[in-house]
Amino acid sequence: MNETVKIWIEELGNPTTEEIKAEIEEVKGTISNEKLWALSDDIHYENIEVLEEYLEVLEDMLNQ
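Residues numbered from 1 in each chain as written. Predicted model: local features only at pLDDT ≥ 70, side-chain atom pairs only at ≥ 80, totals over all residues. Heavy atoms only, no water.

Draft legend 1. Fine view of the nonpolar core. With 13 residues, the main nonpolar core has Val5, Ile24, Val27, Ile31, Tyr54, Leu55 and Leu58 as its most contacted residues. Counting residues per element, the ones that place at least two in this core are helix H2 (17-37) and helix H3 (43-63). Broken down by element, this core gets its largest block of residues, seven residues, from H3. Look past the residues within four positions of Leu55 in its chain and what remains in contact with it is Ile24, Val27, Lys28 and Ile31. (Core = buried A, V, L, I, M, F, W, Y, C linked by side-chain atoms within 4.5 Å. Buried < 20%, exposed > 50% of the residue type's maximum accessible area, 1.4 Å probe, protein only. Helix = DSSP H or I, 4+ residues; strand = E, 2+ residues; numbered from the N terminus. Contact = heavy atoms within 4.5 Å.)

Following this line, the structure appears as structure tokens:
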């Protein structure tokens, strides 16, 4: 797991279902923004990869 994702998960602590859902929506919005920014700078593709990994972890947490 990416170190940044580990840190974000630690910062979440023990979130409620609603907090996880809110975080998922925020991450989806951030990914959308990063895709736009990636048109001008490739570094944003790396950010997207990390955010997508985080999104997967959040979705797994939601389904547990």
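Having put the structure on the table, let's press on.
Draft legend 2. How the structure looks around a negative patch on the surface. On the surface, Asp41, Asp42, Glu46, Glu49, Glu52, Glu56, Glu59 and Asp60 cluster together to form a negatively charged patch. Within the secondary structure, Glu49 is located in helix H3. Judged by relative accessible area, which is 56%, Glu49 ranks as exposed. (Patch = residues over 30% accessible without salt bridge, like charges linked within 9 Å, V, L, I, M, F, W, Y side chains within 5 Å. Areas by Shrake-Rupley, 256 points an atom, 1.4 Å probe, with all protein chains shown as cover. Salt bridge = Lys/Arg side-chain N within 4 Å of Asp/Glu carboxyl O. Lys, Arg positive; Asp, Glu negative; His and termini not counted. Charge placed at Lys NZ, Arg CZ, Asp CG, Glu CD.)

Draft legend 3. Structural view of H2. Across its 21 residues, H2 extends 30 Å between first and last C-alpha, which sits within 8% of the 30 Å expected from 1.5 Å per residue. Regarding H2, the residues found buried are Ile20, Glu23, Ile24, Val27, Ile31 and Glu34. For H2, the angular spread of buried residues about the axis comes to 105 degrees, placing them on one side. Exposed positions of H2 whose direction lies more than 90 degrees from the buried face are Glu18, Glu25, Glu26 and Leu36. Elements that come into contact with the buried residues of H2 comprise helix H1 (3-12) and H3. (Expected span 1.5 Å × (residues − 1). Arc of directions from axis to C-beta.)

Draft legend 4. Expanded view of the packing of H2 against H3. Two numbers describe how H2 lies on H3: the axes approach to 9 Å, and their chain directions differ by 160 degrees. Viewed along their axes, H2 and H3 adopt a mutual orientation that is roughly antiparallel. Viewed along their axes, H2 and H3 form a crossing whose handedness is left-handed. Contacts between H2 and H3 pair Thr17, Ile20, Lys21, Glu23, Ile24, Val27, Lys28, Thr30, Ile31, Glu34, Lys35 and Trp37 from the former with His44, Asn47, Ile48, Leu51, Glu52, Tyr54, Leu55, Leu58, Glu59, Met61 and Leu62 from the latter. Here the contact of H2 with H3 is built from residues that sort into twelve nonpolar, four polar and seven charged. (Axes fitted to C-alpha atoms, helices over the stretch in contact; angles between N-to-C directions. Parallel < 35°, antiparallel > 145°, perpendicular 65-115°, else oblique. Left-handed = near helix turned anticlockwise from the far one by under 90°. Nonpolar A, V, L, I, M, F, W, Y, C, P; charged D, E, K, R; others polar.)

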